[in-house]
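Listed here are the chains, written in short residue letters.
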Amino acid sequence: MVFFIVNPRAGQGMGLRLWEKMKEEGKSLLGEEGFSVFFTEKQGDARLFAREITREINKEIHSGIHKEIHKEISEENHKEIHKEITGENHKGIPKELHGEYSGERNREAKAAYIEDRICVIGGTGTLNEVIDGAMLDNNSFPISFLPVHRDNDFARALQKGYKIPESLSSLFAKEERKVDYGIVEGERGHRRFVVSVGLGFEAAILQELLSMGCSICPKEKQRIRSKALSYFYAFVKELKRAKKIKGSILLDGEERVEFQHILFLSIHNHPYESGYALGCGASGEDGVLDLCLVSTKKKLRLLYIMFAALFGKHKSLPGVHCYRFKKMDIHLEQEVAFHVDGESLGKQKDLSISCMPGRLRLQI
């Protein structure tokens, strides 16, 4: 069974258009009973869907239902299905006849051999919610991801020159990869993330951009329609408001580093975030996370640092500090803006962040 979780509004409606393009193939490949589709309507829906789907599947696995289903299929029929998938024909059936009827049976066989999985159609935010909500304790539940844009931060980090699969069959035929994810823990509980976590200046820009989309925003902000102008507006505003704070980080329980003028911290499982390559060098498959911390007395240096980060050329600049770790504890003297995979989560000052290596079974 394939459970599709679709964000129809992702990419300005591209999620729905992509599903409309794929659903007929889904019926043909999987059969009417071989898939279910769940459409998100608001933030948090994908998380709830993933939790319920994986909970029910785990119940079935533990109760032995899958074993009973397989017992009902005779060993002989199982062999026939396998032979038709592989093209073998040991039954002495004339090749002409075999070719005439094997098409429909092949489709049924493909459906029978597709493992229970979730297929996510949306953006990084939708994928984050699914991974955050899914019950991954047994490490056995596969996830397929169909991003709405090929420049998706997560997709382009895993594959240079990424191209969106043109069909479900090509997506399901892709090699399964063992991918890392991160866990961030704080006073308000814990969250998983697949791309990045941010604290301070960059997270404050995100919060300002989100506020600019609200109906309660002042009129002068609502007049700004261009994304580039909106970002410039938020960048300048938060640059003026940015405060330098004291804090420390503890890397892998051994190395403690203190800073006096922290402006932001950006923690990455993958290198890209909203066009920046602040996590340049992160891979998502190496069992560690990458930290970019900016601490400088001169706030205007942020202009040069962020511009250089567009090209991944920021690491050697004054005020930029980069580290790799498996686990990190963060302590700041005051709360700052905080985001997880682009979702604004208010403010935090004390966090613990760790990497879960190779825990995701992913097709993309």
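Quick note: structure is the one above.
Rules used in this analysis
- Residues numbered from 1 in each chain as written.
- Predicted model: local features only at pLDDT ≥ 70, side-chain atom pairs only at ≥ 80, totals over all residues.
- Heavy atoms only, no water.
- Phe/Tyr/Trp six-rings, centres within 6.5 Å; stacked < 30°, edge-to-face > 60°.
- Helix = DSSP H or I, 4+ residues; strand = E, 2+ residues; numbered from the N terminus.
- Buried < 20%, exposed > 50% of the residue type's maximum accessible area, 1.4 Å probe, protein only.
- Contact = heavy atoms within 4.5 Å.
- Pairing = 2+ DSSP bridges.
- Core = buried A, V, L, I, M, F, W, Y, C linked by side-chain atoms within 4.5 Å.
- Polar contact = N/O pair within 3.5 Å; in protein donor to acceptor, adjacent residues only side chain to side chain.
- Salt bridge = Lys/Arg side-chain N within 4 Å of Asp/Glu carboxyl O.

### Comments concerning the packing of aromatic side chains
With the rule as written, the count across this model stands at ten aromatic pairs. Taken together, a centroid distance of 6.2 Å and an interplanar angle of 65 degrees make the contact between Trp19 and Phe35 edge-to-face. Within this pair, whereas Trp19 is found in helix α1 (residues 10-30), its partner Phe35 is found in strand β2 (residues 35-39), the two being separated by 16 residues in sequence. Judged by its relative accessible area of 4%, Trp19 falls in the buried class. Each ring, one from Phe201 and one from Phe235, has its centre 5.2 Å from the other, and the planes form 90 degrees; the classification is edge-to-face. In this pair, Phe201 is assigned in helix α9 (residues 201-212) and Phe235 in helix α11 (residues 227-241), connecting sequence segments 34 residues apart.

### With respect to the environment of Asp153
Assignment of secondary structure puts Asp153 in helix α7 (residues 153-158). In this structure, the C-alpha to C-alpha distance between Asp153 and Ser196, residues 43 residues apart in sequence, is 9.9 Å. With residues near it in sequence (within four places) discarded, Asp153 still touches Thr124, Val195, Tyr272, Glu273, Ser274 and Gly275.

### A short note on the pairing of strand β10 (residues 289-295)
Burial analysis of β10 places seven of its seven residues in the buried class, the great majority of the element. Residues of β10 alternate between two faces, with Leu289, Leu291, Leu293 and Ser295 on one and Asp290, Cys292 and Val294 on the opposite face, all of them buried. In this structure, strand β9 (residues 255-268) lies alongside β10, joined through six bridges in antiparallel fashion. Each bridged residue has a counterpart across the sheet, and for Ile262 the counterpart in β10 is Ser295.

### Observations regarding the nonpolar core
Among the nonpolar cores identified, the biggest contains 29 residues, and Ile118, Leu127, Val130 and Phe154 are the most heavily contacted of them. Of all the secondary structure elements, the ones that give two or more residues to this core are β1 (2-6), α2 (45-63), β3 (117-122), α6 (124-133), β4 (142-147), α7, β5 (177-186) and β13 (343-363). When residues of this core are assigned to their parent elements, the largest contribution, four residues, is made by α2. If near-sequence neighbours (up to four positions away) are discounted, Val130 is found in contact with Ile5, Ala46, Ala50, Ile118, Val120 and Ile143. Residues Leu291, Leu293, Phe325 and Ile330 belong to the second largest nonpolar core, which totals 26 residues.

### Examining the pairing of β3
Most of β3 is tucked away, with six of its six residues classed as buried. With burial as the criterion, each face of β3 is covered, one bearing Arg117, Cys119 and Ile121 and the other bearing Ile118, Val120 and Gly122. Examined bridge by bridge, β3 and β4 share five bridges and lie parallel to one another. Residue pairing in the sheet places Ile118 in a bridge with Ile143 of β4.

### A few points about α6
Within α6, nine of the ten residues are buried, which leaves the element mostly enclosed by the surrounding structure. Residues of α6 that are buried: Thr124, Thr126, Leu127, Asn128, Glu129, Val130, Ile131, Asp132 and Gly133.

### Focus: the environment of Lys347
Mapping Lys347 onto the fold places it in strand β13. With a relative accessible area of 44%, Lys347 lands in the partly exposed category. Residues contacting Lys347, with those up to four places away along its chain left out, are Arg188, Glu335, Val336, Ala337 and Phe338.

### Focus: the side chain of Ser266
Here Ser266 lies in strand β9. Residue Ser266 is classed as buried on the basis of its relative accessible area of 0%. Polar side-chain contacts of Ser266 include one of 2.6 Å to the side chain of His268. Among residues more than four places away in sequence, those in contact with Ser266 are Val197, Glu202, Glu273, Leu278, Asp290, Leu291 and Cys292.

### Remarks on the pattern of salt bridges
In this structure the tally under the stated criterion is 14 salt bridges. Between Asp132 and Arg47 there is a salt bridge; the shortest N-O distance is 2.7 Å. With a gap of 85 residues between them, Asp132 in helix α6 and Arg47 in helix α2 connect regions that are remote in the sequence. Each member of the pair, Asp132 as well as Arg47, is classed as buried. Glu343 is the salt-bridge partner of Arg191, the closest N and O atoms lying 3.0 Å from each other. Residue Arg191 is located in strand β6 (residues 189-193), and its partner Glu343 is located in strand β13; the two are separated by 152 residues in the primary sequence. Note on accessibility: Arg191 and Glu343 belong to one class, buried. Salt bridges sharing partners connect three or more residues here, namely Arg47, Asp132, Arg191 and Glu343.

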